Structures are given as structure tokens and as C-alpha cells.
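Structural overview for review
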There are 2 protein chains.
Amino acid sequence: MEPMTLQTENIPTPPDARERLRAAALDQFTQRGYAATTIRELCQAAGVTKPVLYYYFKSKEGLYLDLMDGAYALFESTLAELTIYSGTPFQRIATFCEGVFDVGMSNLPLLRLIYSIYYGTPQGAPHYDLDQYFDRLLDVITALVREGIASNQITDGNLNDMTWAILSCLNTTLEEQLCHQQPRIDRSAMTRMLQLLFRGMAASHES
Amino acid sequence: MEPMTLQTENIPTPPDARERLRAAALDQFTQRGYAATTIRELCQAAGVTKPVLYYYFKSKEGLYLDLMDGAYALFESTLAELTIYSGTPFQRIATFCEGVFDVGMSNLPLLRLIYSIYYGTPQGAPHYDLDQYFDRLLDVITALVREGIASNQITDGNLNDMTWAILSCLNTTLEEQLCHQQPRIDRSAMTRMLQLLFRGMAASHES
DNA sequence: GTCTATATTGAGATAGAC
DNA sequence: GTCTATCTCAATATAGAC
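In this report, the structure presented in the accompanying data block is examined. The model shown is predicted, which means the values in this text are computed figures rather than measured ones.

A word on the relation of the copies chain B and chain A
The operation relating chain B to chain A is a screw motion whose rotation component is 180°, with 0.0 Å of axial translation and a residual RMSD of 0.1 Å. The symmetry that links the two subunits is that of a two-fold axis. Using C-alpha coordinates, one finds that chain B approaches the rotation axis most closely at Gly-200 of chain B, a distance of 1.9 Å. Counting the interface residues of chain B, we find that 100% of their copies in chain A are interface residues as well, pointing to one common contact surface.

Points about the protein's contact with DNA strand C
The full set close to DNA strand C counts 14 residues, and Ile-39, Lys-50 and Tyr-54 of chain A together with Thr-49 and Tyr-56 of chain B are the nearest of them. Expressed as a percentage, the sugar and phosphate content of the atoms of DNA strand C within 4 Å of the protein is 66%. Separating a base nitrogen of DNA strand C from a side-chain N or O atom of Lys-50 of chain A is a distance of 2.5 Å. Of all the secondary-structure elements, those providing two or more residues to the surface near DNA strand C are helix 2 (39-46) and helix 3 (50-57) of chain A together with helix 3 (50-57) of chain B. Here the element with the most residues in the surface near DNA strand C is helix 3 of chain B; it accounts for four residues. Taken together, the residues that form the surface near DNA strand C break down as seven nonpolar, four polar and three charged.

Describing the state of the cysteines
All chains considered together, the criterion is met by zero disulfides over all chains. Cys-169 of chain A carries a free sulfur, and the closest cysteine sulfur to it, the one in Cys-169 of chain B, is 5.9 Å from it. Just so you know, Cys-179 of chain A is unpaired, no disulfide at all, and the nearest cysteine sulfur is the one on Cys-179 of chain B, 13 Å from it.

What to know about the environment of Leu-65 of chain A
Residues and elements named next belong to chain A. Within the element layout of this structure, Leu-65 appears in helix 4 (residues 60-81). Classification of Leu-65 as partly exposed rests on a relative accessible area of 30%. Taking the C-alpha atoms as reference points, Leu-65 and Glu-41, separated by 24 residues in sequence, lie 19 Å from one another.

Brief notes about helix 9 (residues 187-201) of chain B
Relative to the 21 Å expected for 15 residues at 1.5 Å per residue, helix 9 of chain B spans 21 Å between its end C-alpha atoms, a close match to the ideal helical length. Contacts made by the buried residues of helix 9 of chain B are with helix 8 (159-178) and helix 9 (187-201) of chain A together with helix 5 (89-106), helix 7 (131-150) and helix 8 (159-178) of chain B.

Re the protein's contact with DNA strand D
The full set close to DNA strand D counts 13 residues, and Thr-49, Pro-51 and Tyr-56 of chain A together with Ile-39 and Lys-50 of chain B are the nearest of them. The sugar-phosphate share of atoms of DNA strand D within 4 Å of the protein amounts to 62%. Contact between DNA strand D and Thr-37 of chain B: a phosphate oxygen at 3.3 Å from a main-chain N or O atom of the residue. Taking Arg-40 of chain B, its side chain carries an N or O atom lying 3.3 Å from a phosphate oxygen of DNA strand D. Going through the elements one at a time, helix 3 of chain A together with helix 2 (39-46) and helix 3 of chain B are the ones with two or more residues in the surface near DNA strand D. By residue number, the principal contributor to the surface near DNA strand D is helix 3 of chain A, which donates four residues.

As for the environment of Ala-25 of chain B
Residue and element names in this part refer to chain B. Here Ala-25 is to be found in helix 1 (residues 17-32). Relative accessible area serves as the criterion here: at 0%, Ala-25 is assigned to the buried category. With 110 residues separating them along the chain, Ala-25 and Asp-135 place their C-alpha atoms 27 Å apart. The residues touching Ala-25, leaving out its near neighbours within four places in the chain, are Thr-30, Leu-42, Leu-63 and Leu-67.

Quick word on the interface of chain B and chain A
Accessible area lost during the coming together of the parts is what is often quoted as the interface size. Listed by partner, the interface residues are 47 residues for chain B and 47 residues for chain A. Scanning the region where chain B abuts chain A turns up four salt bridges. Here Asp-161 of chain A makes a salt bridge to Arg-192 of chain B, at a shortest N to O gap of 2.4 Å. Counting across the chain B and chain A interface gives 20 residue pairs in polar contact (both at pLDDT 80 or more). Those elements that place two or more of their residues in the side of chain B that touches chain A are helix 1, helix 6 (108-118), helix 7, helix 8 and helix 9 of chain B. The leading source of residues in the side of chain B that touches chain A is helix 8 of chain B, at eleven residues. Of the residues that constitute the side of chain B that touches chain A, the class distribution is 21 nonpolar, 17 polar and nine charged.

The rules we used
- Residues numbered from 1 in each chain as written.
- Chains lettered and ligands numbered in written order.
- Predicted model: local features only at pLDDT ≥ 70, side-chain atom pairs only at ≥ 80, totals over all residues.
- Heavy atoms only, no water.
- Least-squares fit on C-alpha atoms with pLDDT ≥ 70 in both.
- Contact = heavy atoms within 4.5 Å.
- Near = heavy atom within 4 Å.
- Polar contact = N/O pair within 3.5 Å; in protein donor to acceptor, adjacent residues only side chain to side chain.
- Helix = DSSP H or I, 4+ residues; strand = E, 2+ residues; numbered from the N terminus.
- Nonpolar A, V, L, I, M, F, W, Y, C, P; charged D, E, K, R; others polar.
- Disulfide = S-S within 2.5 Å.
- Buried < 20%, exposed > 50% of the residue type's maximum accessible area, 1.4 Å probe, protein only.
- Expected span 1.5 Å × (residues − 1).
- Salt bridge = Lys/Arg side-chain N within 4 Å of Asp/Glu carboxyl O.

Okay, here's the thing in C-alpha cells:
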């Protein structure tokens, strides 16, 4: 509880030190990697001194884990919003993938960090389970495909194959946004790839 | 030119120091990442002392670049072998993807290193252009799809979309082999995903 | 070509004043 | 809660003998 002082002057550094450290860490971990990021540069970028970091996050690892926890919380909170849409199973799958894509684009640095950890190397960073991201996506897509099969709109083939083929398109499209100045495929290309796939998944109406 | 001495005893450390350093570097860079790998541990794993590394590779960076050059040379040499197969365009695409998959599996640590650098972070490692891997794969697949369109076996749709959809299946299947103890999809699942896609790409024979 | 020993630097983390 | 100053340790790299 700090005393409420009148703040007539404009605020010099808008977010508090804690938030600035988070932002700087996201930036540095993503661009240089965990091990290559030094606390000195990180604090300098955040405009604070080293003891401030240790005060709020206890250590470099603590700051990292705080970031990862925040990212997963964001993921889970948005997943719920993306499963409420209606339409045919194909439409719902496409809408879901597009929604995940959009959320990823709105949080590109965070997405970049997650991918760099997932496909990257530990770099001395503490372990954080990232399989749960893929697992949750698989859950949702599998459910949607299953619905399509149940309603005879999707051919009764290998559920797993269809789910993974869909996820492949989403996954590769997301990855393409991460590693290039000018991505060679975008959101609409992903949608069209899914349409191609849907054509192969559609139940042939000759029962 | 060292004097040819009779070697009656069995060799204590089969490959020479240079090769052991390469193997140890591949292992350590992959498992811990470039920045987190220390020369001390690396040399210890290779059974040599630090000056030996500096003698052969000049620096940690030099050893890293040597590894990356070797990897790309391997990639190019195998690509040529994978484009000679015959059959329908669909068969050739599937065979090509399976061949790339197989080569990747035969060189899993190297594949892991490349992916970890590509989707990972610089980690202080010198830049190495890895886009060429994807570019070359796109070249080959695009050519095969184009052939299929020319022979009226593949629908005359968006060439780029079809190419990327194929690459998505290959890419995601490869990635799945890297990050899990027990991959959830394998080579045959990839083939089946491609079949699904081919069904959506096939020209409808009603001209 | 390979060793021992060491120089040098910069990292993560903390003590203690304010 | 934030600072200055500092501790401790391990990293990269090299000198110089053999």
C-alpha cells in the first residue's frame, strides 16, 4: 500500500517495473534464446537494475517460468472462445483453425517463444511441458472430426490421420509466420489447404 | 605426414580427434543448445583437451559451422537420389516424401539440430541460412505437382496451396519424430495423410 | 599435435544502505 | 522497492612446454 500521491506530471515509464521486465524478457528470450540472454542486458532493456529483477522474480528461471505460465493461461482462455461456433463440421474446423491462427498472430512474440522452446533446445532453461498445447489442439480437432463422421459428412476413415492432417496445415502455416520476413503462405492459404483436405475427407454421397 | 608405425594393439579411440569432436558437438548442441554447450564438457565428451578443439576448428563457432556445412552437403547429395523414381505423380510425391522422411530418420540427431536452429533462437551462434532446405523441398514438390496437372491427373487448382499442403504433412510428421519419446504419428500415417490430400487434389474425371 | 597451467572476461546472484 | 558495490564462479581462449 503506497500513499496515493497526486500525479500531475506525465508518467515517465507507463507500466510498472514488473511488467517491463516481462516484456523485455519475452523480447530477449525470443530473439537470443534463454541461455544467451544476460540479466544485465535484460534489465537494461527494461530500464531497471538487477536487484529489481531478483526482487520480483527471484531469478532468471523465475522470470522465464512466469512468462510460460502466462502464455499457457492465455492459450486456455482463448481455446474456450473458439469452440462455440456453429455450422457444418468443415466450417467449424476451418473457423477453429483460423481462430487459433488469429490469436497466434495477435501474440506473435509469445508464439515465437513457445515454438523456439518446443522445437529448440533446453538451453539450460528449466523444463516446461509444452506438449499440452498440441494435446489440447488435437482434442478439439478430433472432436470436430468425430462429429462430422457421426453426421455422415466426413468419410468414416482413420480419425487420427484426418486430425493430424488438419493440424499439419495449421501447424506449418503458423511456423511459416515465425521464421521469415515475408511468409510464403498466409491465413487464406491455410484455409484453402484445409478445403483441399476437406475434399479428400468428404463422405462420398453414394450410400 | 606422420610415420607409419606398426599398429599391433587394438585402437583405443577408433575415430580421430577431429571426428570425435564433431560427434560430441552434434550431441551437445542438439541436447543443450549452442549457447548452453560449454567447450569444457564438449571436449570431455570427445575425450580430448581444449587446445585440440582450437587446433582443428579454431573456435566454438568454427566447429558449429563445420557441422552445418556437412549437414547441408548430405541433404543435397540425397535429394538427387530421391527424384529418379517413376510412377504416377501421386506415387512419386509419396515416394519422395517417404524418402526424405527415411533420410531424416537415419540422421535424427542432425535433423534435430537443424530444426532446433531453424525454429529456435540464434543463441549466439553464427547465422546459417536454413531456408535453403525448405526452398529445395518446395522446388521438388512443386515440379511433381505441376507434372500431375499437366497430365490431367491433378486438378488445375492453386499450385502453391497443393505444394504447401503436401509439405505440411511431411514437415509436421518429421517434427513429431523430434520432440516426443513416442511419436503419435509415423511414416505410414504420413503416407495416409498424403492419400487423403491426394483424394482432394485428384482431377475429377468428368471433362 | 597434444598437453598443463593460466589469463581474462563476464555471467548470475547478493549484501546492505537508503 | 530500488539503488551501488561486490562476491563467486565458470566460461572462452591462449601461452608455452613437450
